[in-house]
Each structure stands twice: as structure tokens, then as C-alpha cells.
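# A look at the structure
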Amino acid sequence: KLKFVRAPFSPINFANINIQKHRWNSEKMALNNSLNFPKSVIFILLNEFAERFAFYGMKTILVLYMRTKLDFNDDKSTEIFHIFVSLVYFFPLFGAIVADSWLGKYKTIFSLSIVYAIGSVVISLGAIPPLNLPVREITVVGMLLIAVGTGGIKPCVSSFGGDQFKLPEQAVALAKFFSLFYFTINAGSFISTLLTPALRENVHCFGQLDCYSLAFGVPAVLMIVSIVFFVAGKALYKITKPTGNMVVLVSKCIGNAIAMRTREKKVNPREHWLDYAEPKYGRTLVKDVRILLKILVLYLPLPFFWALFDQQSSRWTFQATRMDGKIGSITIQPDQMQVINPLLILAFIPLFDVFVYPLLERVGIKRPLQKLTLGGLLAAVAFAVSGLIELQLEIQNPATPPSHYTQIRLYNPLPCSYKFDVTDQFSGVIVNPQETYLSDVLSLPTNVTTWHGSAVVINATTTCPKSVSFSVLPIEDEVVGINLLQQKYGDLHYVDFEDSPRKSRSGFPLVRFLVNFNDNLQLVNEETSTTINIKNIDQITVPEGEWAIKEEGTEGPTFAKITLGTGGVYTYMLTKNNSTGNVNVKEFVRSPANSLHMLWQVPQYVIMTAGEVMFSVTGLEFSYSQAPVSMKSVLQACWLLTVAIGNVIVVAITHLKFFQSQAAEFFLFAVLMVIDMGIFVLIAMRYKYVVHDDANGDDDKNVEGNIQLEQKDGPKDVFGKDVFSKDGHTNRAYNAE
């Protein structure tokens, strides 16, 4: 509070008043200048919004596209997706070197954005069925171009925006710019993560029940728009020439130190191996690199966090496809669940600042490395929760034969009972009218080709054909269906087909109709006015909802109304009484509709996002605070590399396939994350915090105080406060206050 003291009476000096007024006006103008944004940053913010929309819109639907359209299984889709994400976070190193060493930031952003846009267009063109392009190859090429483009511009756009400000005069406006920059990233991510799954699912194009070409096409258009925004502001940009890349300089310094140590180790011993680079690179750079390497040792366990975190877009999305997303009249799409993360991030950062961190300080968790450890453990808890949900989903999974085994399901739509025999497998199996029979699990020898069998009528009437012999090709770990048919002239016939109870990869219901008469039938959805022709025997994909079975092309009566749920697998046997004309419809549910609600995933997303705030935000701020000013860009590149390496870990574990159960894999990641954080604690206990005193040029001072959950008092600041205390997610230990 300001304390006002009454001054003694004195004559008014108008000259002093005019001087003071001029000073106030000057300070007011300076304040206005510090708050005013350069007009050029508006174009940069628009560019970032459109680019992030393009990236997250494409990334959100990518794994489902690979599974449903490219026909990759879950494991292969996961591997390809995480290779892509790994490249996205590897190429920022490439982009930073190109920008700082050769092209400059503007040309790098412009040229790599064009590469990025081409990749987006390539993927969207590959998703158009009439073009008949080699879809797998086209998609991989597009993903590679996008990885080069988005990864290459990632380190350039924010720093290019920072270049537009004049410091220190516009320091306040610069801070506001970075807040808006972060907001545009999350806004683009949030909107596209909601929109592209809706376009994919709710728009039908090219005769399909979805429209991936549009869902990929919209992000491609936004990427082109982002380039237009960026180029539109060129006349206003402050463009600086490249001055050299610190990553390259650090690499050369380390290489020189290793080479000189090999030559001079015996004749000229030095205290530290990096000291051998001092003659060429100077004492200051060598000292900064030494501090950098101490921080990078802490980075060694960090990639495993990203191995868990980035599976939100792959394994967790696949998990959601087997869950029910209906909330009243609204249906949440599986890939839309990813929107929870950016939404919670915006809410959690101030929430942690005001409430969570002060509470943690009361229980002794006040130092950044402690918070980072807690964030990693929260990620482990999130995966344990996802494992528990997966266990519930696996209980609902339909039973299928294991490897080297098969099963046979017999269908009898005729009005007579039949006795079935399959040589060396089973005999005397009686299947009554409009009933089915599923055999036990049958061993499948490696040299088997076909099995032979017969169906013979029991208590035959004049309307039932007597018998038929059949041959069936068994399928490993699948069910083979055999359906009896009465041909036009009364002969008995059969049809065999793969009769898997597995849910569809797209999440749509799967329906098979077995019809014993020749009328053309169709499904009619009266709510959407959609009609689908019924094909006998063939399994078809049908949108969820209530459907009526009617005769094709007529306004006649409805034979039956059926309700199809998401993820359900159904078989309908239709028989017709020739004397009355009545049609009887019997339903067989091979796999029930998804019953576990998608909202059960919310806790794991909440826990993972809380872990991200404590791990990522705290970790970055700790790293930036500890690193010398010259090393901050190098540290950012190394932080992004931990994300790249984390995704490589996912690829490796998925490829090795330790478990058939997805729940077991989730629990494996949770256990490994706990072990990883234990290793991190052991490394961090040896780390000594560094307080940089750049003001007077003194050497950096090592201050005792590490992650160990000790309650020993640390150094105090000028106000008597612990310098390692935290206010929210800003560590006071490293502020120049």
C-alpha cells in the first residue's frame, strides 16, 4: 500500500508541473507502445491456427483410416501411426538447422509449409475411391511429407513471431503474444478434433457410409489457407538473416572435445573432458555445454512418458471404438474423445497454479523435479485405469477359436429338421427348423484342405428335400458357417461362408441375412429415409438405428423391425410360409452391441492431462530455468526429441507383442512407467540445482537441493523465501526477482 504524507505548504512551481506532465506523457506513450502488437503477428497467429487445425484434424482420424480403409490391423496401424508421430518430433531439429544456418525462418516456414500442404492433399486424394490410387503407398508418402513439413516449421513459427517485437520495450506485448499463440494452438486442435470425426462419420460420399476424403480434405484446405495467411503478411514482417544454429555449434564443440581428448589426454590432462574444446570454442561455451549435458542426463528416462501420452490417439481411440458413445440424441465418435485433452489443458494450468501446487507444497512436494515425477506416476495411473476398462471390454468380446483351431456353425432355415455329419469331426447333430448349431472348437491340422460332410432330413415331408453332401474349407481361428438352401426345383443346396463374430473395424453394426425365398428385400430407415438392398448370405455394414425389413420397390407391409446397435454383429434368418405368404424373421446376435459407455474413458483422460501439466509444463520450465541463455534453443530441440524417442518405444513394444491381451499391454506400460520414474528419481537425486547470475557475470553457482523428498531448508532469497518454492508452475528459484 502507498503511504501518503502531507507536505508542508510551498508556492506552486508551474515549470515543474509542465516537466512532470511531459514525463507522464512519455511514460504513457512508452506503455502504449509496449502493449501494442506489431500488425505482422496477426498473420502469424492466423497461420498457426489454420496449421494446427490441419495437423490435428488429420491426426485425429488417421488410425481409424488405416484400420478401416487401408485394412491394417490394430497393431500395424499403431506402429505406422507412432512412426509418423516420431518423425513429426524429429524433424524440428532439421527445420531449426535449416532456418538458422541457411534459409532463415521466413523461407523455411514458407517452403516447408508447401511440402506440408502437398502431403495433406496427397492423403485426401488417396481417400477418394473412384481415383483407384494405390491407397497404402499414397498415404505413407503423404504422411512423410506432412512429418517433414509440420516438424520442420514447428521450431520456427513461434520464434519468428517473437522476432517481430522490439525488446525490451515490447516485453509485455511479447508475453501476451505467446499466450495468444498457445491459445490458437489449442483452439485449432479443439475445433478440428471435434469437426473431422463428424465429417468422417456423418457425411456419406462415393457410395460409402463415411467420407474420409472430405475429413482429410478440409484440413488440406486449411493448410493451404495457412500459407495464404503467412504470405499475406510478408510486407509487414521483420525478417532477420540466419546467424548460425546452436545445435550445430554444440555438436561441433562436443566433437572437438572428444577428438582433442583422444590426442592430448596423456600430455595435457584436464579436469573435464569438455575442457579440451576451450582453445577453439572458448570457456563460456564449454561451460554452457557442461550445464546442458547435466540437464540432458535427466532427460534419459523422460521419453517413456510420451510413449504413454501419445497413445491417446491410437490405442485409446481403438478402445473407444468398442464402447457406446450415445448421449441422448447425440453420438460421440471414438476419435472425438481426444478433444478432452486440449480442453482440460486450458482449464488445468490456472487450476494447478491456484489450488493444486499450493496443496502439494503443504505435503512437501514443492520442487520441479518432484512435480515432474508425480506427473509421470499419474500417467502410469491413467494407463492402469485404461487397463481396467479394457478388462471389462474383453469380457464382452465374442469367443473365437484360438490359433490352430476352428469352429463350424450350422444354419437350418427350412421347415424340417436335419441331421449333420462332418467326417472325423462330429456326427448325428440335429438342427431343428430355424435354428443353428455351433460346434465345439475343432483342431486344425497343418495339412488340412477340406472337410466333407452331409445333411439328411429327419421325418421328411413332401416339401423338404432329402439330403445334400457338402465340402467345407476350415479357417484357422475363425468360424465357418454352413447354410442350407432349397433351390427353385426343390433340390437341397448349401452355402458356406466365413461367419466371424468379431466386431467391425469401423464400429458400424454387421448384419447377415439368410433368406429361403426369392423375393427382393430391402432395409428402410424411416428416420433418415435411407434404403439398403438386402443380399442373401453376404454380411453388410449398416448404420446403427431402427430399420424396417420390406419388400423392395413396394409400399407393402413391414415384415419386421430390427434395432442395430454400434459394434453389434447380427444374423437374421428369414423364412416364408408359401401357403399364407407370412414371413418369419428370427434374430441371432453373434456379438452384442457396445454396452460400456465411452464416458468411462473420461477419468483416464483427466488423469493423463493432469500428468501432462505436471510433467511437460513443469519439465520445460525447469529445463529453461536451469539452462544458460545460449542453450535454451538446444534444450527445446532435445525436449522434442524425447517425444520422438517415446513414440519409437511404442513401436518397439507393439511390434514385440508381449501379450495377446490389450489390457495386459496397458498394465505393462503402467508398470514400466513406474519403474522409469524410479530410475528418474535416482538420477535426479544427484542433480544440483543451478542459479544463474547473469547480471554481474559471475560463474554459475551450484546450489544443494535435489528431488529427494527431503525437508532440509534450501537457500533463501532476499525476502527470506525458499528459492526452490513454487508459485503455480513458475519456479521462483530461477526468476531474476
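You'll find the protein chain entered in an unreviewed UniProt entry as Oligopeptide transporter 1, with Nyssomyia neivai given as the organism. UniProt annotates the protein chain under Sequence similarities (unreviewed entry) with the comment "Belongs to the major facilitator superfamily. Proton-dependent oligopeptide transporter (POT/PTR) (TC 2.A.17) family." Here is the UniProt Subcellular location (unreviewed entry) comment for the protein chain, exactly as written: "Membrane".

### Quick word on the overall build of the protein chain
When helices and strands are tallied, the protein chain shows 16 helices and 23 strands. Relative to its 737 residues, the protein chain shows a buried fraction of 50%. In the protein chain, the proportion of contacts linking residues at least 24 apart, taken out of those at least 6 apart, comes to 71%. As displayed, the protein chain offers around 35,200 Å² of accessible surface, 60% of which is attributable to carbon and sulfur atoms.

### A word on the sheet that holds strand 16 (residues 545–551)
The four strands lie next to each other as 14-13-16-17, forming an open sheet whose pairing is antiparallel. Two strands lie at the open edges of the sheet, namely strand 14 (530–533) and strand 17 (558–564), each paired on one side alone. Put simply, the sheet's adjacent strands are angled 25 degrees from each other on average, direction ignored. As paired elements, strand 13 (residues 521–525) and strand 14 share four bridges and run antiparallel to each other. Counterpart to glutamine 522 in the pairing with strand 14 is asparagine 533.

### Considering the state of the cysteines
Tallied over the full model, the rule gives two disulfides. Disulfide partner of cysteine 205: cysteine 211, at an S-S distance of 2.1 Å. Since a negative S-S torsion denotes a left-handed disulfide, the cysteine 205-cysteine 211 link at about 105 degrees is right-handed. A relative accessible area of 14% places cysteine 205 in the buried class. Here cysteine 211 falls in the buried class, since its relative accessible area comes to 4%. Each disulfide pairs two cysteine sulfurs, and for cysteine 416 the partner residue is cysteine 464, the sulfurs being separated by 1.7 Å. Measuring handedness by torsion sign, the sulfur bridge of cysteine 416 and cysteine 464 sits at about 80 degrees and is right-handed.

### Comments concerning helix 8 (residues 246–264)
Along its 19 residues, helix 8 runs 26 Å from first to last C-alpha, staying within 8% of the 27 Å computed at 1.5 Å per residue. Turning to helix 8, its buried residues are Val247, Val250, Cys253, Asn256, Ala257 and Met260. In this fold, the buried residues of helix 8 make contact with helix 3 (74–103), helix 9 (278–299) and helix 15 (632–656). Residue asparagine 245 occupies the N-cap position of helix 8, its side-chain oxygen lying 2.9 Å from the main-chain nitrogen of valine 247.

### Brief notes about the packing of helix 2 (residues 40–68) against helix 3
The interhelical angle for the contact between helix 2 and helix 3, taken along N-to-C directions, is 155 degrees, at an axis separation of 8 Å. Compared by their axis directions, helix 2 and helix 3 come out roughly antiparallel. Crossing handedness for the pair helix 2 and helix 3: right-handed. Residues Phe55, Met58, Lys59, Leu62, Val63, Met66 and Arg67 of helix 2 touch helix 3, and the partners they reach there are Asp74, Ser77, Ile80, Phe81, Phe84, Val85 and Val88.

### Thoughts on the packing of helix 14 (residues 602–626) against helix 15
At a closest axis distance of 9 Å, the pairing of helix 14 and helix 15 adopts a crossing angle of 150 degrees. Taken together, the axes of helix 14 and helix 15 are roughly antiparallel relative to one another. For the pair helix 14 and helix 15, the sense of crossing is right-handed. Here Phe615, Ser616, Gly619, Leu620, Ser623, Tyr624 and Ser625 of helix 14 lie close against helix 15, whose contacting residues are Lys632, Leu635, Gln636 and Trp639. Looking at side-chain class alone, the contact of helix 14 with helix 15 contains five nonpolar, five polar and one charged residues.

### Comments concerning the confidence of the model for the protein chain
Here the protein chain shows a mean pLDDT of 86. Residues at 70 or above account for 88%. Confidence drops under a pLDDT of 50 for residues 1–12, and excluding neighbours within four residues, the segment shows one contact in the predicted structure. Low pLDDT, under 50, characterises residues 694–737; the stretch is placed with 101 contacts to residues that sit more than four places away or in other chains.

### Some thoughts on the nonpolar core
Residues Phe84, Phe216 and Leu308 are the most contacted members of the largest nonpolar core, which totals 131 residues. Per-element accounting of this core gives the leading share, 13 residues, to helix 2. Both domains that furnish three or more residues to this core are identified here as domain 1 (37–242) and domain 2 (282–398 + 594–692). Dropping the residues within four chain positions of it, leucine 308 is found in contact with Ala379, Ala380, Phe383, Met608, Phe669 and Met673. Among the nonpolar cores identified, the runner-up in size contains 24 residues, and Val429, Leu442, Cys464 and Tyr494 belong to it.

Criteria and cut-off values
Residues numbered from 1 in each chain as written. Predicted model: local features only at pLDDT ≥ 70, side-chain atom pairs only at ≥ 80, totals over all residues. Heavy atoms only, no water. UniProt positions renumbered as here; feature names shortened; annotations may be inferred. Helix = DSSP H or I, 4+ residues; strand = E, 2+ residues; numbered from the N terminus. Buried < 20%, exposed > 50% of the residue type's maximum accessible area, 1.4 Å probe, protein only. Contact = heavy atoms within 4.5 Å. Areas by Shrake-Rupley, 256 points an atom, 1.4 Å probe, with all protein chains shown as cover. Pairing = 2+ DSSP bridges. Axes fitted to C-alpha atoms, helices over the stretch in contact; angles between N-to-C directions. Disulfide = S-S within 2.5 Å. Expected span 1.5 Å × (residues − 1). Polar contact = N/O pair within 3.5 Å; in protein donor to acceptor, adjacent residues only side chain to side chain. Parallel < 35°, antiparallel > 145°, perpendicular 65-115°, else oblique. Left-handed = near helix turned anticlockwise from the far one by under 90°. Nonpolar A, V, L, I, M, F, W, Y, C, P; charged D, E, K, R; others polar. pLDDT = per-residue confidence, 0-100. Core = buried A, V, L, I, M, F, W, Y, C linked by side-chain atoms within 4.5 Å. Domains from an automatic or database assignment.

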